[in-house]
Amino acid sequence: MLSDYHIKNKAIQSYKEIKTRLTQERRIPVQVIREKTLMNEKRFPVLVKTIFPQILAKTGGMPYKLAPPILNKALIIGLDKARDSSGKYPSASAGVAAVTPEGYYVAGASTPLESNTTDFIDVDLLAPSLLDELQERKFETEYEFVVILRDGGPRTRIQEVPKWRKYLEAYEKEFIFLAARKTHAYRVFPINISEVVGKVKYDIPIVLNGPPLPDSDFLVISARAPRGTPKPVLYTIMENTTSFSITDIKEKVIAQLISMSMLCWESPFPTSQPLPLHYADKLAKFAQLVQQAWNSSNPFPMFI
């Protein structure tokens, strides 16, 4: 069942109530369109391109996927946290979403709301919720290893890695833990986008490593941007218990993650972050909106 409901710009409270009562409590997919947007004839073609993929995803379909995937029998987990820096509302502690390399949504979870605005994630609350859902989806037999993609810099992630190791070792799963920081500190942009497009195919990201970056860091610039300046993402390997070498991670794992930036189902254009992080961000913000932990029994990504 899909509910259609038109709201005016000022009806923010109604939007929250709709999402809470239908999506969160009753697991009914909802697509909300602002009246002003719907009546804008110039934007209608773009609206169609963005709305229908969202509706299809929320009802269990796959608008499009990656085929063939670069990684096999892998589960890719995105981690992010929604914070209200004003302190008016409790933070959604974190959002976590697991997808396959093809882009199929497997499971998602969030922790109960908390009143702090720190960037740390309580793994002891988040990991069990996700793993309980994954266990019902053949986690132990379908996937051989896990790639964890954590939004943000590596310094705030160090305390989270040992806890994820503990939970994944209980399932005898090897894993790669990557911190992903969308950064503008490294000014290594080309003079203009045409220089990149002329030399690099759209489906291949530029991966820079070596001095002055440590071997564990990879500065990735997606060459897919249809316009404007490519956005760099700095990936740092926090831990690797698999047999993958640094070269393997650069050429396979990170290439897989960057290719997943093409799987944004809310825009016809690529995003600056892979699908697992996009989902984790949306899930955490949804939990913050409805002021409840995400109902992880929802089988589809109704939070987008």
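Residues numbered from 1 in each chain as written. Predicted model: local features only at pLDDT ≥ 70, side-chain atom pairs only at ≥ 80, totals over all residues. Heavy atoms only, no water.

A. Main features of the overall build of the protein. Across its full length, the protein holds nine helices and eleven strands. In the protein, once contacts between residues fewer than 6 apart in sequence are set aside, the share between residues at least 24 apart is 68%. With an accessible surface of roughly 14900 Å², the protein has 52% of that area assigned to carbon and sulfur atoms. (Helix = DSSP H or I, 4+ residues; strand = E, 2+ residues; numbered from the N terminus. Contact = heavy atoms within 4.5 Å. Areas by Shrake-Rupley, 256 points an atom, 1.4 Å probe, with all protein chains shown as cover.)

B. Examining the nonpolar core more closely. Membership of the largest hydrophobic core comes to 37 residues, with the highest contact counts inside it found for Leu-178, Tyr-235, Ile-249, Val-253, Tyr-279 and Phe-303. Of all elements in the fold, only strand E3 (74-82), strand E4 (91-99), strand E7 (145-151), strand E8 (174-182), strand E10 (217-221), strand E11 (232-240), helix H8 (246-259) and helix H9 (275-290) reach the threshold of two or more residues within this core. Top contributing element to this core by residue count: H9, with six residues. Counting residues in hydrophobic clusters, the runner-up holds 27 residues, among them Ala-94, Ala-98, Trp-164 and Tyr-171. (Core = buried A, V, L, I, M, F, W, Y, C linked by side-chain atoms within 4.5 Å. Buried < 20%, exposed > 50% of the residue type's maximum accessible area, 1.4 Å probe, protein only.)

C. Geometry of unusual backbone geometry. Backbone geometry places Arg-27, a non-glycine residue, at a positive phi of 55°. Its location among the elements puts Arg-27 in the loop between helix H1 (12-26) and strand E2 (30-34). At Lys-73, a position not held by glycine, the phi torsion is positive, near 55°. With respect to the helices and strands, the residue Lys-73 is situated in the loop between helix H3 (44-58) and E3.

D. How the structure looks around H9. Here H9 contains 16 residues, and its C-alpha end-to-end distance of 22 Å stays within 8% of the 22 Å for a straight helix at 1.5 Å per residue. Backbone geometry just after H9 places Gln-291 at a positive phi near 60°. (Expected span 1.5 Å × (residues − 1).)

E. Highlighting H8. Taking 1.5 Å per residue as the helical rise, H8 with its 14 residues ought to reach 20 Å, and the 19 Å between its terminal C-alpha atoms agrees with that figure. Ile-249, Val-253, Ile-254, Ala-255, Gln-256, Leu-257, Ile-258 and Ser-259 are the residues of H8 that are buried.

F. Here's a closer look at the packing of helix H4 (residues 123-135) against helix H6 (residues 161-170). Orientation of H4 relative to H6, taken along the N-to-C sense of each, is 30°, at an axis distance of 10 Å. Comparing their axes, H6 and H4 come out roughly parallel. In the crossing of H4 with H6, the sense of the turn from one axis to the other is right-handed. Across from Val-123, Asp-124, Ala-127, Pro-128, Leu-130 and Leu-131 in H4, the residues of H6 making contact are Lys-163, Trp-164, Lys-166, Tyr-167 and Leu-168. Residues belonging to the contact of H4 with H6 are distributed by class as follows: eight nonpolar, no polar and three charged. (Axes fitted to C-alpha atoms, helices over the stretch in contact; angles between N-to-C directions. Parallel < 35°, antiparallel > 145°, perpendicular 65-115°, else oblique. Left-handed = near helix turned anticlockwise from the far one by under 90°. Nonpolar A, V, L, I, M, F, W, Y, C, P; charged D, E, K, R; others polar.)

G. Here's a closer look at the environment of Thr-141. Relative to the assigned elements, Thr-141 resides in helix H5 (residues 139-142). Look at Thr-141 and you get exposed, because its relative accessible area is 63%.

H. Summary view of a nonpolar patch on the surface. Taken together, the side chains of Phe-44, Val-48 and Phe-52 define a hydrophobic patch exposed on the protein surface, amounting to about 280 Å² of accessible area. Along the chain, Phe-44 falls in helix H3. Given the relative accessible area of 42%, Phe-44 is considered partly exposed. (Patch = residues over 30% accessible without salt bridge, like charges linked within 9 Å, V, L, I, M, F, W, Y side chains within 5 Å. Salt bridge = Lys/Arg side-chain N within 4 Å of Asp/Glu carboxyl O.)

I. Just the environment of Asp-151, in detail. Considering the arrangement of structural elements, one finds Asp-151 in strand E7. Not counting the four nearest positions on each side in its chain, Asp-151 is found in contact with Leu-79, Asp-80, Arg-157, Ala-180, Lys-182 and Leu-277.

J. Just the confidence of the model for the protein, in detail. Per-residue confidence for the protein gives a mean pLDDT of 76; residues scoring 70 or more make up 77%. When mean pLDDT is taken per element in the protein, H6 scores highest with 94 and helix H7 (residues 193-199) scores lowest with 40. Counting interchain partners and residues more than four positions distant, the pLDDT-below-50 stretch residues 1-12 has 29 contacts. (pLDDT = per-residue confidence, 0-100.)

K. The arrangement of the side chain of Glu-133 in detail. Here Glu-133 lies in helix H4. If near-sequence neighbours (up to four positions away) are discounted, Glu-133 is found in contact with Ala-107, Ser-296 and Ser-297.

L. Region of the structure containing the side chain of Ser-110. Counting through the fold element by element, Ser-110 comes out in strand E5 (residues 105-110). You can call Ser-110 buried: its relative accessible area is 6%. Leaving out residues up to four positions away in the same chain, Ser-110 has contacts with Ala-94, Gly-95, Leu-126, Leu-283, Ala-287, Ala-293 and Trp-294.

M. Representation of the pairing of E11 within the structure. Most of E11 is tucked away: seven of the nine residues are buried. Bridge count for E8 against E11 is seven bridges, and the pairing is antiparallel. Within E11, the residue paired with Ala-179 across the bridge is Thr-236. (Pairing = 2+ DSSP bridges.)

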